[in-house]
Amino acid sequence: MTPPSRLSFARTDPRIPALAAGILLLVDLLRVWLPSIITIFGQAASTPAELMGAFALLWFLVPFAVVPLAARWDAAKVAIAGAAGLAACRFALLFVHGGQPQLYVASIGLLAGLTWLAASAVRGGPAAVGVPVGLAAAALQHAALRTVDLSWQSRWWAAPIVALECLVLLWCQQRFLRCQHRAAPGRSSAAAWFLVGPAMLLAGMFALSPAIATVAVSFRFDPVAGSAPPAVPELLLGLAVAGFLAGATGRLRGRFERVLAGVLLLAAAVIWLFPDGLFVALLLGCGALGRAFRAAAADGAPVRAAAAGYAAVAGMVVFAVAAVAYYAAYDLGYPNQWVPVAVAVAPAWILLRSGAGVPAAGVPRRAGLAALALCFLVPLLGVTVTPAVTPGDPDRGLRLVAYNIRMGFGLDGTYRPAVAARAIAASDPDVVVLSEVDRAWLLNGGHDDLRVLAAALGMRYWFGPAADAVWGDAVLTNLPVGAVETVPLSAVGAPTGAQALGVVVRFGGRDIAVVSTHIQPPPDAEPLVQVAEIAAFATRFGAGRPTFIAGDLNIEPGDASMRAFADAGYADGFAAFRPVRTFPADVPVKQIDHVLVRGLTCADVSVGRAVTSDHAMVATTLR
């Protein structure tokens, strides 16, 4: 007699694991492709945002041509061809790092992945179940890896894991060709396929983001986002993924539950933009997004196969347009808070357009319990421990490193936090001041740069948000910390936000005030307004203590802004050591990274050689 578990496996529609594996690989590939657009094609703001957006959008528009081909030919074979291309490029990105090769391997992989998705939609299948499983798997894997993608892992086990994921996709696609579970050709439900793109964006931006879970917990326990308690972010992410899967597979009752889920999703898309709202947004958004997939499972009558294919590609175009629209605002200077809300309208509309209930997906109890266990256990692989407080060595002076990390990406478009951490650690710092810290931007791969570097360095951290709740500046230290405060700075025409983060450390029997900031100059003008605000904050926060201001100030020696700092009592700590050129990192020609001191002096100034950003690292000893 065949065991019940074998019977359950035999009845499993092979399109579900095929869709899940394909979505997992596609999300992973996007984590490389998106930052490649910015750092390789665009060179981080040196290329017009409009041109970058057009280049990015082109790769999402081409798959519209695949739909009629798949509808007239054998869609299953087109899907296998797309899956093979996706798998090949995803595996290649383990070895192709940097420059145009990385950009175009990722771009071809994206095109292949979208071809696979369009053909899968044309053939028909349970997108309302397979896609949520894939999104959940991607989130859990990202959490287990501490948000450092397998493409950027230098460990031996990265290649076998990616190879296994690729083989699962290809095996499931091939099994689908031989099985008897094919959907009737030419008939499919478009709503679930259209939902793939909006759901991928919302899941990556906040609803299933491991980085957002960490930042949310940080703000929940500390108003200035200090180091998160061990395991709490991982358990929160596990709860979010479990809620998402429960929402996507559980019974959906009548209109009231649909309306409630739609309202909660829209609310989550609004409040996640604020530091205090991240925690609640994560909890509200995950389950509500899952309910949209459940509603899509029975939304409306089946449509022609081509319509489902066009819906899948159109949903991914929504992903591309919304991602460009949201993040380009930090270069072009228009309001972008409406973007996630506008995207959330699509799943909310799917929820609200019908009042009918939807039965549960029929997940076996044993499989459900196994999935629940995985949701909470897999993220725990990424747990980090908060280091102990240490007093430092006052005899050698306070060692400081200041580094604009450019969201962790080097000039060649590679993400190498381990290399950056080794370069920083070589200076044996007591305090590290970081600029351009990205803690969750989907555009940059959803990494938490701060937590990754802090774990590699064995240091505690404090974070000051600037552009939004997850992009800003930071201070890392294991010295005893007293007061901590962050204040926003006036924009004065600069599209990217700025702040000043103050941290008081205890070193050598005295308190020292550290101010981490990143000045955003207005177009064609000196940032005198921000300079005055930073100096005033440092004076008030320092309260007579020895104080230093450090970071990417985007001003040069001799500028009026440097004189304004001097007039406020903050001397150029590097004046006696010039030239101290810090930009660009590969061939520095100017100094825009500074340490300004009051009641302190700089010694042993050095410029790092690691090219893991567009800026060079600077180190000094403060006495």
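Residues numbered from 1 in each chain as written. Predicted model: local features only at pLDDT ≥ 70, side-chain atom pairs only at ≥ 80, totals over all residues. Heavy atoms only, no water.

Asker: I'd like to hear about the overall build of the protein chain, residue by residue, with values.
Answerer: Each helix and strand counted, the protein chain has 21 helices and 14 strands in total. Taking the principal axes of its C-alpha atoms as reference, the protein chain extends roughly 80 × 45 × 40 Å. In the protein chain, buried positions account for 58% of the 623 residues. For the protein chain, the share of sequence-separated contacts (at least 6 apart) that also reach a separation of at least 24 residues comes to 79%. Approximately 22700 Å² of the protein chain is accessible, and the part contributed by carbon and sulfur atoms is 64%. (Helix = DSSP H or I, 4+ residues; strand = E, 2+ residues; numbered from the N terminus. Buried < 20%, exposed > 50% of the residue type's maximum accessible area, 1.4 Å probe, protein only. Contact = heavy atoms within 4.5 Å. Areas by Shrake-Rupley, 256 points an atom, 1.4 Å probe, with all protein chains shown as cover.)

Asker: Explain helix H19 (residues 449–457) residue by residue, including any values.
Answerer: Counted residue by residue, H19 has seven buried out of nine residues, so it is predominantly covered. By the burial criterion, the buried members of H19 are Asp449, Leu450, Arg451, Val452, Leu453, Ala454 and Leu457. On its buried side, H19 packs onto helix H11 (210–221), helix H12 (232–249), helix H18 (417–425), strand S4 (431–438), strand S5 (460–468) and strand S6 (471–477). Where H19 ends, the next residue or the one after it, Gly458, has phi of about 70°, a positive value.

Asker: How would you sum up the pattern of salt bridges? Please name residues and give values.
Answerer: Enumeration over the complete set of coordinates arrives at 10 salt bridges. For Glu234, the salt bridge identified is with Arg451, shortest N-O distance 2.5 Å. Taken as a pair, Glu234 in helix H12 and Arg451 in helix H19 lie far apart in primary sequence, 217 residues in all. Accessibility expressed as a relative area gives 3% for Glu234, which makes it buried. Residue classification places Arg451 among the buried residues on the basis of a relative accessible area of 11%. The closest approach of N and O atoms between Arg291 and Glu257, which form a salt bridge, is 2.5 Å. (Salt bridge = Lys/Arg side-chain N within 4 Å of Asp/Glu carboxyl O.)

Asker: How would you summarise the environment of Leu235 if you had to cite specific residues and measurements?
Answerer: Relative to the elements of secondary structure, Leu235 occurs in helix H12. For Leu235, a relative accessible area of 39% puts it in the partly exposed group. Each C-alpha atom of the pair Leu235 and Ile555 lies 43 Å from the other, and the pair is 320 residues apart in sequence. In contact with Leu235, not counting residues within four places along its chain, are Phe376 and Leu380.

Asker: Give me the lowdown on the packing of aromatic side chains, citing residues and values where you can.
Answerer: Summed over all chains, the structure comprises 17 aromatic pairs. Ring geometry for Tyr326 versus Tyr327: centroids 4.8 Å apart, planes at 90°, classification edge-to-face. The buried category is assigned to Tyr326, whose relative accessible area is 1%. Between Trp441 and Trp471, the ring centres sit 5.8 Å apart and the planes meet at 20°, which makes this aromatic pair stacked. Remark: Trp471 occurs in strand S6 and Trp441 occurs in the loop between S4 and H19; sequence separation between them is 30 residues. Like Trp441, the residue Trp471 is buried in the burial classification. Of the aromatic side chains, those joined through ring pairs into one cluster are Phe206, Trp272, Tyr326, Tyr327, Tyr330, Trp441 and Trp471. One Lys or Arg, Arg220, reaches over the ring of Phe279 and ends 4.9 Å from the middle of that ring. In this arrangement the basic side chain of Arg439 is found over the ring face of Phe463, its NZ or CZ atom lying 5.3 Å from the centre. (Phe/Tyr/Trp six-rings, centres within 6.5 Å; stacked < 30°, edge-to-face > 60°. Lys NZ or Arg CZ within 6 Å of the ring centre and 35° of its normal.)

Asker: A description of the nonpolar core should follow, citing residues and the corresponding values.
Answerer: Grouped together as the largest cluster of nonpolar side chains are 163 residues, with contacts concentrated most on Trp33, Phe60, Leu135, Met200, Phe206, Leu434 and Leu476. Residues in contact with Phe206, not counting those within four places in the same chain, are Ile212, Ala268, Ala269, Trp272, Ala281, Leu282 and Gly285. (Core = buried A, V, L, I, M, F, W, Y, C linked by side-chain atoms within 4.5 Å.)

Asker: Residues and numbers for the sheet that holds S4, please.
Answerer: A sheet is described by the order of its strands in space; here six strands give the open sequence S5-S6-S4-S3-S14-S13, paired in mixed fashion. Edge positions in the open sheet fall to S5 and strand S13 (602–607), since each of these has one partner strand only. Adjacent strand axes in the sheet meet at a mean angle of 15° when their direction is disregarded. Here strand S3 (residues 398–404) pairs with strand S14 (residues 618–622) via five bridges, running antiparallel. Bridge pairing in S14 links Arg399 to Thr621. (Pairing = 2+ DSSP bridges. Axes fitted to C-alpha atoms, helices over the stretch in contact; angles between N-to-C directions.)

Asker: Please give an account of the side chain of Thr115 that cites residues and values.
Answerer: Mapped onto the elements, Thr115 comes out in helix H6 (residues 99–123). Excluding residues within four positions of it along the chain, Thr115 makes contact with Val66, Val78 and Gly82.

Asker: Would you mind going over the sheet that holds strand S7 (residues 481–488) in detail, with residue names and values included?
Answerer: The six strands are arranged S7-S8-S9-S10-S12-S11 in an open sheet whose pairing can be described as mixed. Where the open sheet ends on each side, the last strands, each with one partner, are S7 and strand S11 (571–572). Relative to strand S12 (residues 593–598), S11 runs antiparallel, the two sharing two bridges. Each residue of the ladder has a partner; that of Ala571, found in S12, is Val597. The strands touched by helix H20 (residues 528–542) are S7, strand S8 (499–507), strand S9 (510–517), strand S10 (547–552) and S12; relative to S7, the strand with the most contacts, the crossing angle is about 155°.

Asker: Residue-level account of the packing of H18 against H19, with values.
Answerer: The description of two packed helices rests on the angle between their axes and on the distance between the axes. At a minimum axis separation of 9 Å, H18 and H19 run at an interaxial angle of 50°. Classified by the interaxial angle, the pair formed by H18 and H19 is oblique. Crossing of H18 against H19: the hand is right-handed. Residues Pro417, Ala420, Ala421, Ile424 and Ala425 of H18 lie in contact with H19, whose contacting residues are Val452, Leu453, Ala456 and Leu457. Split into classes, the residues belonging to the contact of H18 with H19 amount to nine nonpolar, no polar and no charged. (Parallel < 35°, antiparallel > 145°, perpendicular 65-115°, else oblique. Left-handed = near helix turned anticlockwise from the far one by under 90°. Nonpolar A, V, L, I, M, F, W, Y, C, P; charged D, E, K, R; others polar.)

Asker: Break down the confidence of the model for the protein chain for me, with residues and values.
Answerer: In the predicted model, the protein chain carries a mean pLDDT of 91, and 95% of its residues have values of at least 70. Per-residue pLDDT stays below 50 along residues 1–10; that stretch engages in seven contacts with residues further than four places along the chain or on separate chains. Taken as a whole, residues 180–187 scores under 50 in pLDDT and shows 25 contacts with residues more than four places along the chain or in a different chain. (pLDDT = per-residue confidence, 0-100.)

Asker: Outline the pairing of S5, supporting the account with residue identities and numerical values.
Answerer: Most of S5 sits out of view: nine of its nine residues are buried. With seven bridges joining them, S5 and S6 adopt antiparallel strand pairing. Within S6, the residue paired with Asp468 across the bridge is Trp471.

Asker: Outline empty space enclosed by the protein, listing residues and values.
Answerer: Under the defined criterion, the tally for this structure stands at five cavities of 30 Å³ or more. Roughly 180 Å³ of volume is contained in the largest cavity. As for the largest cavity, its lining consists of 17 residues, and the residues nearest its centre are Val27, Arg31, Met200, Ala203 and Gly204. Secondary-structure elements contributing two or more residues to the lining of the largest cavity are helix H2 (15–41), helix H7 (127–144) and helix H10 (196–207). In the lining of the largest cavity, the residues fall into 12 nonpolar, four polar and one charged. Approximately 120 Å³ is the volume attributed to the second largest cavity. (1 Å grid on protein atoms, 1.4 Å probe; cavity = no way out; pocket = protein on both sides within 12 Å on 5 of 7 lines; lining within 4 Å. Points joined across faces, edges and corners; volume = space filled by probe spheres on them.)

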